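# Structure assessment
Listed below are the residues making up each chain.
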Amino acid sequence: MRGTTWTRLALAGCGSAACLLVAAPLASAQTTSPAPVAPITLSPEESQQVCSDWVPKLQKKADNLKARITGGAEITGSVANLKARAADQRAKGHTQRADQLDQRATKRQGRIGEIDAAKQKLDAFASAHCKPAK
């Protein structure tokens, strides 16, 4: 009796694995073809709200983030701060932690290009769709 229970469990497990093997390519095939994107239309009131509220907030946020990343060693989260922390950890003999901090600093330095690109997109949107106040 006990042997048949294990056999049933093994068959159920194999059946589940087979279903996953069949379903995985189907799921990935569905995600590879992008769905058509409908254009977004805004009313004049909504457009004015985006121009007056959201664009300046996002521009300020991008500026603040860039200032933080490029700040000095005393600014928490800056590249210089991460490199100083890495040097401190390396001096204490914690090379693995120092390497992690160096990797974070390198990755954070690479974010500046992304921030600049986002800022350019915001500026382009503002110049194309936002009318200056009279």
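Described below are features of the structure shown in this document.

## Details of the environment of Cys51
Relative to the helices and strands, Cys51 resides in helix α2 (residues 44-69). According to the relative accessible area criterion, Cys51 is buried, its value standing at 13%. In this structure the C-alpha to C-alpha distance between Cys51 and Lys131, which are 80 residues apart in sequence, comes to 8.3 Å.

## Observations concerning the pattern of salt bridges
Applying the stated criterion to the full structure yields seven salt bridges. Notably, a salt bridge pairs Lys92 with Asp88, separated by 3.5 Å at the nearest N-O pair. Judged by relative accessible area, Lys92 falls into the exposed class, the value being 55%. Judged by its relative accessible area of 37%, Asp88 falls in the partly exposed class. One salt bridge in this structure joins Lys119 and Asp123, with 3.9 Å as the shortest N-O distance. Of this pair, Lys119 and Asp123 both sit in helix α4 (residues 95-129), four residues apart, which is roughly one turn of the helix. A single salt-bridge network, built from bridges that share partners, covers Asp63, Lys119 and Asp123.

## Considering the state of the cysteines
The full count for this structure, using the stated rule, is one disulfide. The disulfide that involves Cys51 links it to Cys130, with 1.9 Å between the sulfurs. Disulfide Cys51-Cys130: torsion about the S-S bond near -85°, hence left-handed. One end of the pair, Cys51, is in helix α2; the other, Cys130, is in the segment after α4, with 79 residues separating them in the sequence. In terms of burial, Cys51 and Cys130 fall into one category: buried.

Rules used throughout
Residues numbered from 1 in each chain as written. Predicted model: local features only at pLDDT ≥ 70, side-chain atom pairs only at ≥ 80, totals over all residues. Heavy atoms only, no water. Helix = DSSP H or I, 4+ residues; strand = E, 2+ residues; numbered from the N terminus. Buried < 20%, exposed > 50% of the residue type's maximum accessible area, 1.4 Å probe, protein only. Salt bridge = Lys/Arg side-chain N within 4 Å of Asp/Glu carboxyl O. Disulfide = S-S within 2.5 Å.

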